[in-house]
Amino acid sequence: MNLLAWLDTLSGVASSSDTDTGTNAADLASRRTALARLGRAAAATLPALTLAGNAVAGPPRVTSLTTDALNLTLRVALAQKALLTLALDTASTSVPAAERPTVETLLTLTTDMVARLGLSVGQSGDPVATPANYDFTGGRSAAGTGPLQPATSPDDFLGLTQELADLLTRTFISTMPALAGNTVFSELTAQFLGTASRIAATVRLMRQRRGATTANAWITEEDLAGAPTLFGGVYEGEASTTVFKLDLLQNIPAAPGNLLITVLPLPLPPRATITEAFDQPLPLDAGSTTVTAEVLPLKKVDALLTLLTY
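Residues numbered from 1 in each chain as written. Predicted model: local features only at pLDDT ≥ 70, side-chain atom pairs only at ≥ 80, totals over all residues. Heavy atoms only, no water.

**Examining the confidence of the model for the protein chain**
For residues with low pLDDT, the predicted coordinates do not support detailed interpretation.
Point 1. In this model, the protein chain carries a mean pLDDT of 76, and residues with pLDDT of at least 70 account for 65%.
Point 2. Mean pLDDT values over the elements of the protein chain span from 33, in helix α4 (residues 46-49), up to 96, in helix α5 (residues 64-87).
Point 3. In this model residues 30-58 is a low-confidence stretch, pLDDT under 50, and it forms 28 contacts with partners more than four residues away in sequence or in other chains.
Point 4. pLDDT under 50 marks residues 258-262. Its contacts with residues more than four places away, or in other chains, come to nine contacts. (pLDDT = per-residue confidence, 0-100. Helix = DSSP H or I, 4+ residues; strand = E, 2+ residues; numbered from the N terminus. Contact = heavy atoms within 4.5 Å.)

Here you go:
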């Protein structure tokens, strides 16, 4: 969201403390106008002081890293929106009648996310990511002759939707360090992260109702059980972080090198149990002597989305 537009919006909202004290409405309007002008005057100095290299006429530009982060998540959200739209098409048979209201809600949430991400990037003056040509069958062509049939198979549709929702959540987590210095965008991304996680958990519960008993509402290890193998790479690195559940803890580790044995009871719980989590950041390309190491998981997202586009 454009910082100046955000300040303008704030200027139109009276605080509860002003209302409670019975301040005159005309005085409130005058005060809000003055605060907005002060905020705009202060914000207008930001491009000159901190973003001088990116400043252009019109709205202040945010750093390209910020818009790169927002566009990266937008690309995944666009694919998710296209898949949900495909499944809700009148000719589709992949959404059981009982689940249709739930899928419609997921589409509404995703559409809102796409609109707000696009607005945020557009206000910066940078190009906004646009929808690609999607083939969710995995055939990577307009013919749609791949091994998956998400327009007719509920299992294929739910599997792909889960994986895209998990990819979106992991992408949001991965972009947070790049947005940490921008309060407006980091708070916006935190809201989106909660929404994306909710979508992923909802889809897992839908898979449960279809009999996928291994589908938890959270990620377990690399979570490939019962999901389409074409897009399984979305879970790479998920099992790299061990999560210790409080009900498993026994005592403080006696030695740093003996953590699992001294903290968890014997026999050790299954690895799937101690890797349960709600997403980890996506792997970054470490680079080499000739390639700069990644700050955002661009290569990973590109590789996964390539499987669904042509």
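**Re the layout of surface pockets**
Point 1. By volume, the second largest pocket is sized at about 150 Å³.
Point 2. As for the second largest pocket, its lining consists of 13 residues, and the residues nearest its centre are L86, Y134, D135, F136 and T137.
Point 3. Its residues placed into classes, the lining of the second largest pocket shows eight nonpolar, four polar and one charged. (1 Å grid on protein atoms, 1.4 Å probe; cavity = no way out; pocket = protein on both sides within 12 Å on 5 of 7 lines; lining within 4 Å. Points joined across faces, edges and corners; volume = space filled by probe spheres on them. Nonpolar A, V, L, I, M, F, W, Y, C, P; charged D, E, K, R; others polar.)

**What to know about the pattern of salt bridges**
Point 1. Scanning the model with the defined rule gives eight salt bridges in all.
Point 2. With a closest N to O distance of 2.9 Å, D155 and R210 form a salt bridge. Of this pair, D155 sits in helix α7 (residues 154-179) while R210 sits in the loop between α8 (183-209) and α9 (259-263), placing them 55 residues apart in sequence. (Salt bridge = Lys/Arg side-chain N within 4 Å of Asp/Glu carboxyl O.)

**Quick notes on the nonpolar core**
Point 1. Core analysis: the biggest nonpolar cluster contains 52 residues, and L117, F157, L164, L167 and F172 have the highest contact counts within it.
Point 2. Of all the secondary structure elements, the ones that give two or more residues to this core are α5, α6 (100-124), α7, α8 and α11 (298-306).
Point 3. Here this core takes eleven residues from α5, the largest share from any one element. (Core = buried A, V, L, I, M, F, W, Y, C linked by side-chain atoms within 4.5 Å. Buried < 20%, exposed > 50% of the residue type's maximum accessible area, 1.4 Å probe, protein only.)

**With respect to the packing of α7 against α11**
Point 1. Taken N-terminus to C-terminus, the directions of α7 and α11 make an angle of 165°; their axes are 12 Å apart at the nearest point. With respect to their mutual orientation, α7 and α11 come out roughly antiparallel. The chirality of how α7 crosses α11 is left-handed. The segment α7 lies against α11, with L164, L167 and T171 engaging V301, L304 and L305.
Point 2. Of the residues belonging to the contact of α7 with α11, the class tally is five nonpolar, one polar and no charged. (Axes fitted to C-alpha atoms, helices over the stretch in contact; angles between N-to-C directions. Parallel < 35°, antiparallel > 145°, perpendicular 65-115°, else oblique. Left-handed = near helix turned anticlockwise from the far one by under 90°.)

**A closer look at unusual backbone geometry**
Backbone geometry follows two general trends: most residues other than glycine have a negative phi, and most peptide bonds adopt the trans configuration.
Point 1. In this structure, R140 takes a positive phi of about 55° despite not being glycine.
Point 2. On the secondary structure map, R140 appears in the loop between α6 and α7.
Point 3. For R140, a relative accessible area of 46% puts it in the partly exposed group.

**A word on the environment of G146**
Point 1. As for its placement among the helices and strands, G146 is situated in the loop between α6 and α7.
Point 2. Classification of G146 as buried rests on a relative accessible area of 13%.
Point 3. Sequence-wise, G146 and D135 are eleven residues apart; in three dimensions their C-alpha atoms are separated by 8.2 Å.
Point 4. Discounting residues that sit within four places of it in the chain, G146 has contacts with T137, G138 and G139.

**Observations concerning the side chain of R207**
Point 1. Structurally, R207 is set in helix α8.
Point 2. At 2.6 Å, the side chain of R207 and the side chain of Q162 are in polar contact. (Polar contact = N/O pair within 3.5 Å; in protein donor to acceptor, adjacent residues only side chain to side chain.)

**Remarks on the environment of M113**
Point 1. Tracing the backbone shows M113 in helix α6.
Point 2. Along the sequence, M113 and L74 sit 39 residues apart, while their C-alpha atoms lie 8.1 Å from each other.

**Comments concerning the packing of aromatic side chains**
Point 1. One pass over the full model with this rule turns up two aromatic pairs.
Point 2. Aromatic pair Y134 and F136: ring centres 5.5 Å apart, planes at 10°, arrangement stacked.
Point 3. Taking relative accessible area as the criterion, F136 reaches 6% and is therefore assigned buried. (Phe/Tyr/Trp six-rings, centres within 6.5 Å; stacked < 30°, edge-to-face > 60°.)

**Considering empty space enclosed by the protein**
Point 1. All told, the structure shown has one cavity of 30 Å³ or more when counted by the stated rule.
Point 2. Put simply, the largest cavity is a space of about 40 Å³.
Point 3. Surrounding the largest cavity, D166, S197, A200, A201, R204, A217, I219, F278 and D279 form its lining.
Point 4. With four residues, the single largest contributor to the lining of the largest cavity is α8.
Point 5. Here the lining of the largest cavity is built from residues that sort into five nonpolar, one polar and three charged.

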